[in-house]
Amino acid sequence: MLIIKELHAAVGDKPILKGINLTVRAGEVHAIMGPNGSGKSTLSNVLAGRENMTVTAGSVQYLGQDLLAMEVEERARAGVFLAFQYPVEIPGVGNVYLLKAALNAQRKHRGLPELDAMEFLALVKDKMKLMEMSESMLYRAVNEGFSGGEKKRNEILQMAVLEPTLSILDETDSGLDIDALKIVANGVNSLRHPERAMILVTHYQRLLEVITPDFVHVLAGGRIVRSGGPELAHELEKQGYAWLGSEAPEGKSSAT
Amino acid sequence: MSTAIAHYLAEFERLAPSLPWQDSPQWQAWRQAGWDHFAAGGFPTARHEEWKYTSLAALEKLRLPCGPRAAAPLEWDTLRIRALLPEARHRLVFVDGTYQPQLSRLGPLPAGIHVQALSTQTAERSAALQAFLGTVRARTPFAALNAAFMADGVWASAEAGACLEEPLLILHVTSAGHQVHHLANVVQVAEGARLTVVEQYLGLTDAPCFLNQVTSLHLGAGAALTHLKLQQEGAGTYHIGALQAHQQRDSRLESHAFALSGVFGRNDMETVLAEPGAGVVLKGLYRVAGRELQDFHTSIRHDSPDCSSEECFKGVLEGNGRAVFNGKIRVARDAQHTVSQQTNHNLLLSDQAEVDTKPQLEIFADDVKCSHGTTVGQLDESQWFYLRSRGIGADLARALLIEAFALDIVASVPVPAVREALEQLVRSRDHV
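Calculation rules
- Residues numbered from 1 in each chain as written.
- Chains lettered and ligands numbered in written order.
- Predicted model: local features only at pLDDT ≥ 70, side-chain atom pairs only at ≥ 80, totals over all residues.
- Heavy atoms only, no water.
- Helix = DSSP H or I, 4+ residues; strand = E, 2+ residues; numbered from the N terminus.
- Rg over C-alpha atoms; globule rule 2.2 N^0.38 Å.
- Buried < 20%, exposed > 50% of the residue type's maximum accessible area, 1.4 Å probe, protein only.
- Contact = heavy atoms within 4.5 Å.
- Areas by Shrake-Rupley, 256 points an atom, 1.4 Å probe, with all protein chains shown as cover.
- Lys, Arg positive; Asp, Glu negative; His and termini not counted.
- Charge placed at Lys NZ, Arg CZ, Asp CG, Glu CD.
- Domains from an automatic or database assignment.
- Buried area = accessible area lost by both parts, 1.4 Å probe.
- Pairing = 2+ DSSP bridges.
- Expected span 1.5 Å × (residues − 1).
- Salt bridge = Lys/Arg side-chain N within 4 Å of Asp/Glu carboxyl O.
- Polar contact = N/O pair within 3.5 Å; in protein donor to acceptor, adjacent residues only side chain to side chain.
- Axes fitted to C-alpha atoms, helices over the stretch in contact; angles between N-to-C directions.
- Parallel < 35°, antiparallel > 145°, perpendicular 65-115°, else oblique.
- Nonpolar A, V, L, I, M, F, W, Y, C, P; charged D, E, K, R; others polar.
- Phe/Tyr/Trp six-rings, centres within 6.5 Å; stacked < 30°, edge-to-face > 60°.

Draft legend 1. Spatial organisation of the overall build of chain A. In terms of helices and strands, chain A carries 10 helices and 12 strands. What you see for chain A is a C-alpha radius of gyration of 18 Å, in line with the 18 Å of a compact globule of 256 residues. If one aligns the C-alpha atoms of chain A with their principal axes, the spans along those axes are about 60 × 40 × 35 Å. Scored against the burial criterion, the 256 residues of chain A give a buried share of 54%. Across chain A, contacts joining residues at least 24 apart in sequence account for 69% of those joining residues at least 6 apart. For chain A, the exposed area adds up to about 10,900 Å²; of that, 51% sits on carbon and sulfur atoms. On chain A, the mean spot of the 27 positive side-chain charges and the mean spot of the 32 negative ones are 1 Å from each other.

Draft legend 2. Summary view of the domain arrangement of chain B. Residue and element names in this part refer to chain B. When its domains are assigned, chain B resolves into domain 1 (3-275) and domain 2 (381-432). Computed from C-alpha coordinates alone, the two centres of domain 1 and domain 2 are separated by 31 Å. On the side of domain 2, 12 residues touch domain 1, which itself brings 14 residues to the contact. Where domain 1 abuts domain 2, roughly 980 Å² becomes buried across the two surfaces, and 81% of that area is made up of carbon and sulfur atoms. It is Leu84, Phe258 and Leu260 that lose the most area in domain 1 upon contact with domain 2, and together they represent 47% of the buried surface on that side.

Draft legend 3. Structural context of the pairing of strand β17 (residues 322-331) of chain B. Residue and element names in this part refer to chain B. Across the 10 residues that make up β17, a large majority, 7, are buried. As defined by bridge partners, β17 adjoins strand β19 (residues 354-363) across 10 bridges and the pair is classed as parallel. Counted as the bridge partner of isoleucine 329 is leucine 361 from β19.

Draft legend 4. Representation of helix α3 (residues 95-109) of chain A. Taking 1.5 Å per residue as the helical rise, α3 of chain A with its 15 residues ought to reach 21 Å, and the 21 Å between its terminal C-alpha atoms agrees with that figure. Of all 15 residues that make up α3 of chain A, 11 are buried, and the element is covered over most of its length. Those residues of α3 of chain A not exposed but buried are Asn95, Val96, Leu98, Leu99, Ala101, Ala102, Leu103, Asn104, Ala105, Gln106 and Arg107 of chain A. The secondary structure elements touched by the buried residues of α3 of chain A are α2 (72-77), β7 (90-94), α4 (117-130), β8 (141-142) and α5 (148-162) of chain A together with α7 (381-388) of chain B. One or two residues past the end of α3 of chain A sits glycine 111 of chain A, with phi positive at roughly 80°.

Draft legend 5. The interface of chain A and chain B, seen in detail. Taken together, the contact pairs 33 residues of chain A with 17 residues of chain B. Across the chain A to chain B interface the summed buried area is about 1,900 Å²; carbon plus sulfur atoms make up 64%. Taken together, chain A and chain B are joined by 4 salt bridges. Among the ionic pairs, arginine 388 of chain B bridges to glutamate 71 of chain A, the shortest N-O distance being 3.0 Å. Remark: the boundary between chain A and chain B carries 13 residue pairs in polar contact (both at pLDDT 80 or more).

Draft legend 6. Layout of the sheet that holds strand β11 (residues 215-220) of chain A. Residues and elements named next belong to chain A. Strand order in this open sheet of 6 strands is β6-β9-β10-β3-β11-β12, and the pairing throughout is mixed. Two strands close off the open sheet at either side, each with one partner strand: β6 (80-83) and β12 (223-228). Sheet twist, expressed as the mean angle between neighbouring strand axes with direction ignored, is 20°. In terms of strand pairing, β6 meets strand β9 (residues 166-170) through 4 bridges, oriented parallel. Bridge pairing in β9 places valine 80 opposite leucine 166. Each of β6, β9 and β10 (197-202) is contacted by α5, which is oriented at about 165° to β6, the strand it contacts most. Relative to the sheet, helix α8 (residues 231-239) contacts β3 (29-33), β11 and β12, its axis offset from that of β12 by approximately 115°.

Draft legend 7. Representation of the packing of helix α1 (residues 3-15) of chain B against helix α2 (residues 25-41) of chain B within the structure. Residues and elements named next belong to chain B. Two numbers describe how α1 lies on α2: the axes approach to 11 Å, and their chain directions differ by 170°. If you check the angle between α1 and α2, you find them roughly antiparallel. Across the interface between the two elements, Ile5, Tyr8, Leu9 and Phe12 from α1 touch Arg31, Gln32, Trp35, Phe38 and Ala39 from α2. Of the residues contributing to the contact of α1 with α2, the split by class is 7 nonpolar, 1 polar and 1 charged.

Draft legend 8. Quick peek at the environment of phenylalanine 132 of chain B. Residue and element names in this part refer to chain B. Tracing the backbone shows phenylalanine 132 in helix α5 (residues 123-133). Looking at phenylalanine 132, the relative accessible area reads 23%, which means it is partly exposed. Through-space distance from the C-alpha of phenylalanine 132 to that of valine 316 is 35 Å; in sequence the pair is 184 residues apart. Contact partners of phenylalanine 132, with chain neighbours within four places excluded, come to Trp155, Val186, Gln188, Ser216 and His218.

Draft legend 9. The arrangement of the packing of aromatic side chains in detail. All names here are of chain B. In the structure shown here, the tally under the stated rule is 19 aromatic pairs over all chains. Look at phenylalanine 12 and tryptophan 35: their rings are 5.7 Å apart centre to centre, the planes differ by 15°, and that puts the pair in the stacked class. In this pair, phenylalanine 12 is assigned in helix α1 and tryptophan 35 in helix α2, connecting sequence segments 23 residues apart. According to the relative accessible area criterion, phenylalanine 12 is buried, its value standing at 6%. The exposure class of tryptophan 35 is buried, given its relative accessible area of 5%.

What follows is the structure, encoded as structure tokens:
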């Protein structure tokens, strides 16, 4: 589904990603772990198409298409979803409006009829139950005045409504208490599907206790320095990231 | 004498005999005073503090005939689709400066409510009208020019305790162009009375024209007036408006201004909080694109203690559009316990757009709560990215963010039908 080859990217003129290679197949859940500054969020944002990131070399194929050549909204319509580390507050735009506009834009792209208000509300209310969100949040402005946990749940709600083919969760566990983490995990697990794939970007192992990945990759210094199964996450939990020093000196130096 | 002044003088001399109530020496004197006041100062230039950022050079070059013009016949069905309140039970319609009884309608009015076109006033009633129009010398240059030429408009009044629940629509349509129109509206809300007045200026032509209007509002003790003015002028229209409000004890004025199109717009809005307990809310939204300009000069005079004012203007600027906001608030020495709040926020959507914004607080009392704030910003990239990352197209995402910025001004309009129509208008401009 997703083939990343020798991806190099910079933020401003500072190189962050220095040759990422990663293949994600349908049905798989990959975890990307690594210390702060290793390039985890840059990778997520490059995949979603953020404009202040410059790809300097390499390629990303998504379902046979050149992902990097696609506009931000084209990627979303093709089924790529980024759950933001810091969801953006948009005063004046209703949460329900965003959900409906997003869903219908994607349905239209896929040649499906747009949902009418009744069908849409039924769908959203169903997903809100899953996320244990109160209906009143639909009628508030996007993320405005939401607590950290509410914002993250709102991201997963959007994901549940949009049913993306490839989901990238950028530090979704950060700032969540244990109850919220479980709700988020339920939402994410409900979306696991043989035809969908997920990339979980995280600093800590605790998200991986509630969402079991098929593969774990360690990112350091802008490169994947180790890959393995779920047991690798446990190893990291015990040893921390300090051992990376010998394998990836750049990773250590850029870690803060 | 400048050639522009000579042009207007010739027009004044040509039209004066046919202007309403000119058989009355008081009116003759009043109009002459208006002319003299305007002619003495001439067209303001950048040297005038009040006109520092707004050039009148292009308007001064327009030598258009003044006065009402025989209007081409228009059907209500044509106007209905553009009217802010298509179902209004009470509406007065003017086309090219002239009252159109066949396009207007007045449902049964409650006792104590009077609504009439100025041109239909008898000389006898017109004497009372003049009192409400105030002293010409206190007027801005263009309001003085309006005094000289003013030939039509609306006189709406509510006697003590009277109340009109439905809004009154005053619709002015510019249809032919190539003309200068002078209109005056007088709204008088006596003690404890309530009224809602909506002024809509609708341009159906892109030909050059100049509309110079004055609206006078008089609020008695405990009176409540909701006022709204919408400018949807054609691409060639210069619109200059003056709002003069006078408020007595415990009166409440809410005035909402929407300047959405027209090559040039200038509004001088002044309210005097003359007696204790009076309150005013001024809200405004201006949008400019292409080479348009909108200029709002507001002035709130806290002349008495325990009065409040709340003012919020927002601007959306695209292309080479320009805007000016000057918000003066004057708190007199004995106007203690004044509460006053002023904000002006601007969204610049292009590198060529420009806004000059200036709060101007003159506070002579010492026990007051006054605040003001101004921002000039651009579209938030992270919000734009967020919306697009959900599959919303770049243009729609941009339009949504512009609406989100502008719509809280629309949301503050208390008349639901007007609010909904304005939402559509603000949206449609984004989605073009």
